[in-house]
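Architecture and fold: a report
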Amino acid sequence: MSLKINEIIEGCLLGDGCIFLDRKKYSRFKLTAKDRDFLEWVKQLLIKKFKVYISFDKRNRTHILYSSSNPFFTLFREKWYKKIKGRIIKTIPRDLELSPATLLFWYLGDGSLVRRKNDSTRVPFIVLATNNFLKEDIDFLIQKLKELNLNFYSVKYKSGFTGKPCGYCLYSKTQDGTPFRFFKLIGLECPKEIARCSTGRKGKYGELKFFKDKWPTEEDWIKILSNVKIGKILRKRRLELGLTQAQLAEKVGVRREMIRDVELEKRNLNVKNFRKIL
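Below is a summary of the structure that appears in this document. (Residues numbered from 1 in each chain as written. Predicted model: local features only at pLDDT ≥ 70, side-chain atom pairs only at ≥ 80, totals over all residues. Heavy atoms only, no water.)

What about the sheet that holds strand β4 (residues 62–67)?
Sheet strands line up and pair through hydrogen bonds in the backbone, either parallel or antiparallel. Read from one edge to the other, the open sheet built from four strands follows the order β1-β2-β4-β3, with strand pairing classed as antiparallel. A single partner strand is all that each edge strand has here, and the edge strands are β1 (18–22) and β3 (52–57). Averaged over all neighbouring strand pairs, the angle between strand axes comes to 35°, with direction disregarded. Lying over the sheet, helix α3 (residues 71–80) contacts β1, β2 (26–33) and β4, oriented at roughly 110° with respect to β1. (Pairing = 2+ DSSP bridges. Helix = DSSP H or I, 4+ residues; strand = E, 2+ residues; numbered from the N terminus. Axes fitted to C-alpha atoms, helices over the stretch in contact; angles between N-to-C directions. Contact = heavy atoms within 4.5 Å.)

Right under this line is the structure:
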């Protein structure tokens, strides 16, 4: 995946990132995380264009990435922040385009894959936190996701601290194959550089979670692919690669008849072989 700096910044701004005014004059980018190694990875992506620093907030026990001031961020602040009812708030610019890179960094910052503990047979769904945005911005994001053939709907969000309503989150549909298409866009696996980076302690028992946990397990993939017509996807990918059924079978390590039957929707590939093709 090509990672353009403006797409990275936009993805971060959709999540926990912000552009703040230093001394009421200089625009700087800021991103917080529980794991310093994650911010070091982001730093390496940005450092070619900006000076970037990482510090530690002892009070909140989080790491913070700061950029130096730059006209680039001044333009972003003008686009992303508006004064509404006397307050400066982050809003969604209407010329926003959701590229795979933008979607990836949004998901890394404010997304999760929810597995239903009370029903292990159901497809896990994707949640994108949008509770700090206005409802009209959230509706706009739903439409932008739909342009990528990703179907989400808004759900009222309750604060984990107070239990009170606190804006909306976006939930993915599952029966139409949205989870598969989503991960096909951002990557079927977590970026290896950050897979073991911690996202903090989550849930009732404070279990330590990692970025790799945001991606489907083998069991999750079986459920996700149950709602996807694999045959059409396999044939399209094979033709994109310019391979015959026999050539693709040799590449994957299965018999030609297996590829033929999968394309005819008579059989399914296992997750390991399906990943090899995609």
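So, helix α5 (residues 135–147)
With 13 residues, α5 extends 19 Å between its outermost C-alpha atoms, agreeing within 8% with the 18 Å of an ideal straight helix rising 1.5 Å per residue. Residues of α5 that are buried: Asp137, Ile138, Phe140, Leu141, Ile142, Lys144 and Leu145. Close packing links the buried residues of α5 with α1 (5–14), β6 (87–90), α4 (100–110), β8 (125–129), β9 (152–158) and β10 (165–172). Looking one or two residues past α5, Asn149 carries a phi angle of roughly 65°, positive in sign. (Expected span 1.5 Å × (residues − 1). Buried < 20%, exposed > 50% of the residue type's maximum accessible area, 1.4 Å probe, protein only.)

So, the layout of surface pockets
Regions of empty space are outlined by a rolling probe, equal in size to a water molecule, passed over the atoms. In this structure, the largest pocket occupies an estimated 1,800 Å³ of space. Gly111, Ser112, Thr199, Lys202 and Lys214 are, among the 46 residues lining the largest pocket, the residues nearest its centre. Of the residues in the lining of the largest pocket, the class split is 19 nonpolar, 12 polar and 15 charged. (1 Å grid on protein atoms, 1.4 Å probe; cavity = no way out; pocket = protein on both sides within 12 Å on 5 of 7 lines; lining within 4 Å. Points joined across faces, edges and corners; volume = space filled by probe spheres on them. Nonpolar A, V, L, I, M, F, W, Y, C, P; charged D, E, K, R; others polar.)

Considerations on the packing of helix α8 (residues 230–241) against helix α10 (residues 256–263)
Between α8 and α10, whose axes approach to 7 Å, the crossing angle comes to 120°. One finds that α8 runs oblique with respect to α10. Along its contact with α8, which presents Ile230, Gly231, Leu234, Arg235 and Arg238, the element α10 presents Ile259, Val262 and Glu263. Considering only residue class, the contact of α8 with α10 consists of four nonpolar, one polar and three charged. (Parallel < 35°, antiparallel > 145°, perpendicular 65-115°, else oblique.)

Side note on the state of the cysteines
Evaluated as defined, the whole model comprises zero disulfides. Here Cys12 stays free of any disulfide, with the sulfur of Cys18 as its closest cysteine sulfur at 11 Å. Here Cys197 stays free of any disulfide, with the sulfur of Cys190 as its closest cysteine sulfur at 8.2 Å. (Disulfide = S-S within 2.5 Å.)

Thoughts on the side chain of Asp220
On the secondary structure map, Asp220 appears in helix α7 (residues 218–225). The exposure class of Asp220 is buried, given its relative accessible area of 4%. The residues touching Asp220, leaving out its near neighbours within four places in the chain, are Leu113, Arg115, Pro124 and Trp215.

A look at the pairing of strand β5 (residues 81–84)
Inspection of the sheet shows β5 paired to β6 by four bridges, in the antiparallel sense. Paired with Tyr81 across the bridge in β6 is Lys90.

Looking at the nonpolar core
Within the largest apolar cluster, 74 residues are counted, with the highest numbers of intra-cluster contacts made by Phe38, Leu46 and Phe183. Non-local contacts of Phe38, meaning those with residues more than four positions away in its chain, are made with Leu31, Ala33, Leu108, Ile194, Cys197 and Phe211. (Core = buried A, V, L, I, M, F, W, Y, C linked by side-chain atoms within 4.5 Å.)

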